[in-house]
Amino acid sequence: MAIYNSDGKKLMNVEYDVIVNVGDIVDGMRVLSVNSRSDEEYAVFLLEPNTRVTCYIFDEVFIIGKSDSFDGLGDAIDAWNNDEI
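Residues numbered from 1 in each chain as written. Predicted model: local features only at pLDDT ≥ 70, side-chain atom pairs only at ≥ 80, totals over all residues. Heavy atoms only, no water.

> Any chance you could explain the nonpolar core here in plain terms?
If you look at soluble globular proteins, the nonpolar side chains tend to sit buried side by side. In terms of nonpolar packing, the biggest core is built from 14 residues, with L11, V20, V26, V44, L46, Y56 and F58 touching the most fellow members. At the level of secondary structure, the elements contributing two or more residues to this core comprise β3 (29–36), β4 (41–47) and β5 (53–59). When residues in this core are grouped by element, the largest group, three residues, is from β4. Apart from residues no more than four positions distant in its own chain, V26 is found in contact with Y4, L11, V20, V31, L46 and Y56. Counting nine residues, the second-largest nonpolar core is a separate cluster that includes F45, I57, A76 and A79. (Core = buried A, V, L, I, M, F, W, Y, C linked by side-chain atoms within 4.5 Å. Buried < 20%, exposed > 50% of the residue type's maximum accessible area, 1.4 Å probe, protein only. Helix = DSSP H or I, 4+ residues; strand = E, 2+ residues; numbered from the N terminus. Contact = heavy atoms within 4.5 Å.)

Below, the structure is given as structure tokens:
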């Protein structure tokens, strides 16, 4: 398990080839799932303290998108798969 912090735009103090994995912590939230569409872009689904789900979209270590407050992991993954995020 790794712990990462971001400045809202990128992961801080990491190498460019770092990939966030299930069980890691990002900005104080546990990673529930990771899904990719291409070799460069991937979504990280995070459990918020209030039990809702946030999705960060990464290109390497850069956060290129964010969507929060999904009711559950299934809703967040559906939004990602339907290009709604």
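Having seen the model, we can carry on.
> What is the right way to look at the pattern of salt bridges in this model?
Once their charged atoms are close, side chains differing in charge can pair, the charge on each being opposite to the other. Under the definition given, this model contains one salt bridge. A salt bridge links R52 to D71, with the shortest nitrogen-to-oxygen separation between them at 2.5 Å. One end of the pair, R52, is in the loop between β4 and β5; the other, D71, is in the loop between β6 (62–70) and α1 (73–81), and 19 residues separate them in sequence. Given a relative accessible area of 28%, R52 falls into the partly exposed group. On the basis of relative accessibility, which here comes to 57%, the residue D71 falls in the exposed class. (Salt bridge = Lys/Arg side-chain N within 4 Å of Asp/Glu carboxyl O.)

> I'm lost on a negative patch on the surface in this one. Help?
On the surface, a cluster of negative charge is made up of E15, D17, D39, E40 and E60. In this fold, E15 is placed in the loop between β1 (3–4) and β2 (25–26). (Patch = residues over 30% accessible without salt bridge, like charges linked within 9 Å, V, L, I, M, F, W, Y side chains within 5 Å. Areas by Shrake-Rupley, 256 points an atom, 1.4 Å probe, with all protein chains shown as cover. Lys, Arg positive; Asp, Glu negative; His and termini not counted. Charge placed at Lys NZ, Arg CZ, Asp CG, Glu CD.)

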